[in-house]
Amino acid sequence: MAILCQVMTSSIGKVYLIGAGPGDPGLITVKGLEWVKKADVIIYDYLANERILDHRRPDAELIYVGKQGSRHTLPQEDINALIIRKAKEGRIVARLKGGDPFIFGRGGEEAEDLVDNGIPFEVVPGVTAATAVPTYAGIPLTHREHTASVAFVTGHEDPTKPESKVHWDRIATGIGTLVFFMGMKNLQNIVDNLVSHGRSVDTPVALIQWGTRTDQRVATGTLKDIVQKVKEARLGPPAIIVVGEVVKLRKKLNWYEAKPLFGKRIVVTRSRDQASVFVEMLIDRGASPIEFPSIDVVPPTSWAELDSALDVVETYQWVIFTSANAVRFFFERLRSRGTDLRILKGVNICAVGPKTAEALEQHGLKADLIPAEFKAEGVLAALGGVQVKGRRFLIPRAKVAREIIPEKLRELGAEVTVATAYENVRPAADVERVKKLFTEKKISAVTFTSSSTVHNFVEMLGQKEYKSLLNGVTVACIGPVTARTAEEYGMKIDIMPKEYTIPALVEAMVEFFQKK
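Residues numbered from 1 in each chain as written. Predicted model: local features only at pLDDT ≥ 70, side-chain atom pairs only at ≥ 80, totals over all residues. Heavy atoms only, no water.

A.B. asks: Residues and numbers for the nonpolar core, please.
C.D. replies: F321, F330, F331, L344, L360 and L394 are the most contacted members of the largest nonpolar core, which has 29 residues in total. Of all the secondary-structure elements, those providing two or more residues to this core are α11 (304–311), β16 (318–321), α12 (324–336), β17 (348–351), α13 (354–361), β18 (392–398) and β19 (415–425). Broken down by element, this core gets its largest block of residues, six residues, from α12. Grouped together as the second largest cluster of nonpolar side chains are 26 residues, V267, M460, Y466 and C477 included. (Core = buried A, V, L, I, M, F, W, Y, C linked by side-chain atoms within 4.5 Å. Buried < 20%, exposed > 50% of the residue type's maximum accessible area, 1.4 Å probe, protein only. Helix = DSSP H or I, 4+ residues; strand = E, 2+ residues; numbered from the N terminus.)

See below:
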């Protein structure tokens with residue numbers, strides 16, 4: 001047994017050099033994401049989108065080794081040593097690198113050190129910025145009518161070096177499209193070398209900052225004026241430079257920046273576990289979501305109320321679910337008690353809103369009643385034709401919620417049990433970062449999906465500050481109840497959909513900003 005333990009502790013892990021893509025988290029490969037999910041340790045770069053890290057195991061170790069210009073978290077030699085050390089501990093290491101590891105990513109150097117130290121490894125290619133970034137800027141690198149050749153070139157050479165590794169005399173006129181990596185600081189040097197070696201000053205040029213991300217910015221011009229145009233646009237690294245006639249096609253093919261919410265920074269106050277669909281819908285329309293959850297949904301401090309109701313659930317004629325959260329925690333509690341939906345046999349189910357109904361269907365239940373209006377008043381209207389007097393109703397819900405449904409049902413002679421199934425709490429958040437964005441007028445809109453998100457948002461920003469911070473910011477509310485709460489705080493409601501759902505809210509925002 002002692003010998004076996006010794007062998008196990010001395011075993012070597014494995015390293016996966018993974019290309020994370022150029023910025024858009026959706027551009028990581030299936031295989032790359034698979035190893036991010038399985039890794040014990042993730043060592044990631046500045047250009048690797050942190051949303052990819054959301055897919056990691058909860059116990060995975062995260063180590064940031066990003067480099068920004070001359071500011072390096074760790075020198076490359078130390079990064080290599082770190083990767084080797086973690087692998088020698090017997091761990092699966094995901095080395096997450098922006099773009100593709102073997103295209104100006106120093107992946108080759110890391111791989112060489114792994115070989116020299118006897119560390120097994122695999123390389124998972126990534127979508128390189130060389131192709132993806134121009135594509136998101138509407139620039140095809142090759143085109144039959146413009147060019148049949150393309151070259152990727154480093155722009156990160158020291159102009160004072162006695163000899164360049166870039167053969168300017170060959171690429172200046174011998175290649176149709178040139179793509180320069182890391183050339184922002186050497187832009188003038190790149191222009192001078194191309195022109196002095198025969199490239200026309202009228203050659204089109206594009207400089208693309210943060211390509212494939214929702215904050216992508218682009219400046220176009222020619223070799224004659226691109227340096228000045230980049231200065232005027234105040235663009236900086238990271239950036240890709242494209243030189244060639246294909247740049248002219250951007251005007252016609254600029255698909256990404258034509259998205260209806262492109263460039264809009266939108267604050268999402270919904271709880272993090274519920275915000276993913278909302279965030280994805282915003283990104284799909286070109287927005288840059290700022291996740292600032294002002295609410296978190298957690299199990300109740302005591303299950304006593306719900307347990308008491310579940311003990312006699314067969315005596316109720318109706319169970320009213322007012323949210324998908326209520327459905328989630330209700331069934332989680334059923335499972336933890338060793339029971340399932342069969343105990344609801346003969347009980348009528350009311351679901352407030354299509355998302356709540358969908359949540360029920362995931363558990364194999366079809367709602368008997370879905371109100372036309374997705375709020376308390378809608379429930380009461382829908383129950384208008386139902387025998388209420390003398391009937392027993394169970395409402396599993398948040399600890400703090402509107403009392404209109406139970407109060408009105410009791411007035412009509414019903415027996416109502418309100419059982420706490422979950423609680424809404426205020427989470428920890430990076431308040432100063434978000435305040436700074438508001439102060440710098442970098443926020444286009446803030447969204448609220450419940451009264452609780454409004455209350456907590458105000459508390460988090462500060463009672464004395466929130467009004468001035470929201471000055472000039474579009475306010476979007478999912479429905480009239482939330483809007484009324486926001487108005488009580490003096491907010492002007494700019495957007496409220498006719499249907500009180502996330503998809504409808506997103507489309508209402510699209511319509512608002514397109515008109516604006």
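A.B. asks: Give me the lowdown on the sheet that holds strand β20 (residues 445–448), citing residues and values where you can.
C.D. replies: Taken together, four strands build an open sheet; the order of strands is β14-β13-β20-β21 and the sheet is parallel. Two strands in the sheet have a free side with no partner beyond their single neighbour: β14 (288–291) and β21 (474–477). With strand direction ignored, the average angle separating the axes of adjacent strands in the sheet is 25 degrees. Across the face of the sheet, helix α10 (residues 272–284) comes into contact with β13 (265–268), β14 and β20 while running at roughly 165 degrees to β14. (Pairing = 2+ DSSP bridges. Axes fitted to C-alpha atoms, helices over the stretch in contact; angles between N-to-C directions. Contact = heavy atoms within 4.5 Å.)

A.B. asks: Give me the lowdown on the pairing of strand β8 (residues 150–154), citing residues and values where you can.
C.D. replies: Burial along β8 is one-sided: the residues A151 and V153 are buried and none of V150, F152 and T154 is. For β8 and strand β9 (residues 177–181), the ladder comprises five bridges, and the chain directions are parallel. Paired with V150 across the two strands is T177, which belongs to β9.

A.B. asks: Got a sec to walk through the pairing of β19? Specific residues and values, please.
C.D. replies: Regular strands place side chains that alternate from one sheet face to the opposite one. Relative to β19, strand β15 (residues 296–298) runs antiparallel, the two being bridged by three bridges. Following the sheet pairing, V297 is matched in β19 by N424. In the sheet, β18 pairs with β19 via seven bridges, with the strands oriented parallel. Bridge pairing in β19 places L394 opposite T417. Viewed along the sheet, the connection from β18 through helix α15 (residues 404–411) into β19 turns out right-handed. (Right-handed = clockwise from strand over helix to strand, strands pointing away.)

A.B. asks: Lay out unusual backbone geometry with the relevant residues and their values.
C.D. replies: Following P237, the chain continues into P238 via a peptide bond in cis, with omega recorded as 0 degrees. Following the sequence through the fold, P238 ends up in the loop between α8 (226–233) and β12 (239–243). In this structure, R106 is a non-glycine residue whose phi angle is positive, near 60 degrees. Position of R106 relative to the elements: it lies in the loop between β6 (92–97) and α4 (107–116). Residue R106 is classed as partly exposed on the basis of its relative accessible area, which comes to 37%. Although it is not a glycine, M182 sits at a positive phi angle of roughly 50 degrees.

A.B. asks: Give a detailed account of the packing of aromatic side chains, specifying residues and quantitative values.
C.D. replies: In the structure shown here, the tally under the stated rule is 19 aromatic pairs. Ring geometry for F152 against F181: centres 6.5 Å apart, planes inclined by 65 degrees, an arrangement best described as edge-to-face. Taken together, the residues F152 in strand β8 and F181 in strand β9 connect sequence positions 29 residues apart. Taking the relative accessible area as the measure of exposure, F152 reaches 33% and is therefore partly exposed. Given a relative accessible area of 9%, F181 falls into the buried group. What links up through ring pairs into an aromatic cluster is the set Y136, W255, Y256 and F262. (Phe/Tyr/Trp six-rings, centres within 6.5 Å; stacked < 30°, edge-to-face > 60°.)

A.B. asks: Provide a residue-level description of a nonpolar patch on the surface, including the pertinent values.
C.D. replies: Where nonpolar side chains cluster on the molecular surface, the patch consists of F104, V150, F152 and M182 and spans about 320 Å² of accessible area. Along the chain, the position of M182 falls in the loop between β9 and α7 (187–196). (Patch = residues over 30% accessible without salt bridge, like charges linked within 9 Å, V, L, I, M, F, W, Y side chains within 5 Å. Areas by Shrake-Rupley, 256 points an atom, 1.4 Å probe, with all protein chains shown as cover. Salt bridge = Lys/Arg side-chain N within 4 Å of Asp/Glu carboxyl O.)

A.B. asks: Can you explain the pattern of salt bridges? Please cite residues and give values.
C.D. replies: Between side chains of opposite charge, a pair can form as their charged atoms come close. In the structure shown here, the tally under the stated rule is 36 salt bridges. A salt bridge links R213 to D215, with the shortest nitrogen-to-oxygen separation between them at 2.7 Å. R213 sits in the partly exposed class, given a relative accessible area of 25%. A salt bridge links E440 to K442; its shortest N-O distance comes to 3.1 Å. Residue E440 is classed as partly exposed on the basis of its relative accessible area of 33%. Ionic contacts of the salt-bridge type, sharing partners, join the residues D45, R95, K97 and E110 into one network.

A.B. asks: Describe in detail the environment of K38, supporting the description with residues and values.
C.D. replies: With respect to the helices and strands, K38 occurs in helix α2 (residues 30–38). Along the backbone, K38 and L369 are 331 residues apart, and their C-alpha atoms lie at a distance of 43 Å.

A.B. asks: Let's hear about α8: which residues, and what values?
C.D. replies: Given 3.6 residues per turn, any residue in an α-helix points the same way as the ones three and four places further on. I226, V227 and V230 are the residues of α8 that are buried. Taken end-on, α8 shows its buried residues confined to a sector of 105 degrees, consistent with a single buried face. Structural note: α8 exposes K231 and E232 on the side pointing more than 90 degrees away from its buried face. Just beyond α8, the residue with positive phi is R234, at close to 55 degrees. (Arc of directions from axis to C-beta.)

A.B. asks: Tell me about α12, residues and numbers included.
C.D. replies: End to end, α12 covers 18 Å across 13 residues, agreeing with the expected 18 Å (1.5 Å per residue, within 8%). Considered for burial, the residues of α12 that qualify are N325, A326, V327, F329, F330, F331, R333 and L334. (Expected span 1.5 Å × (residues − 1).)

Limitation: the analysis is restricted to geometry and does not speak to function.
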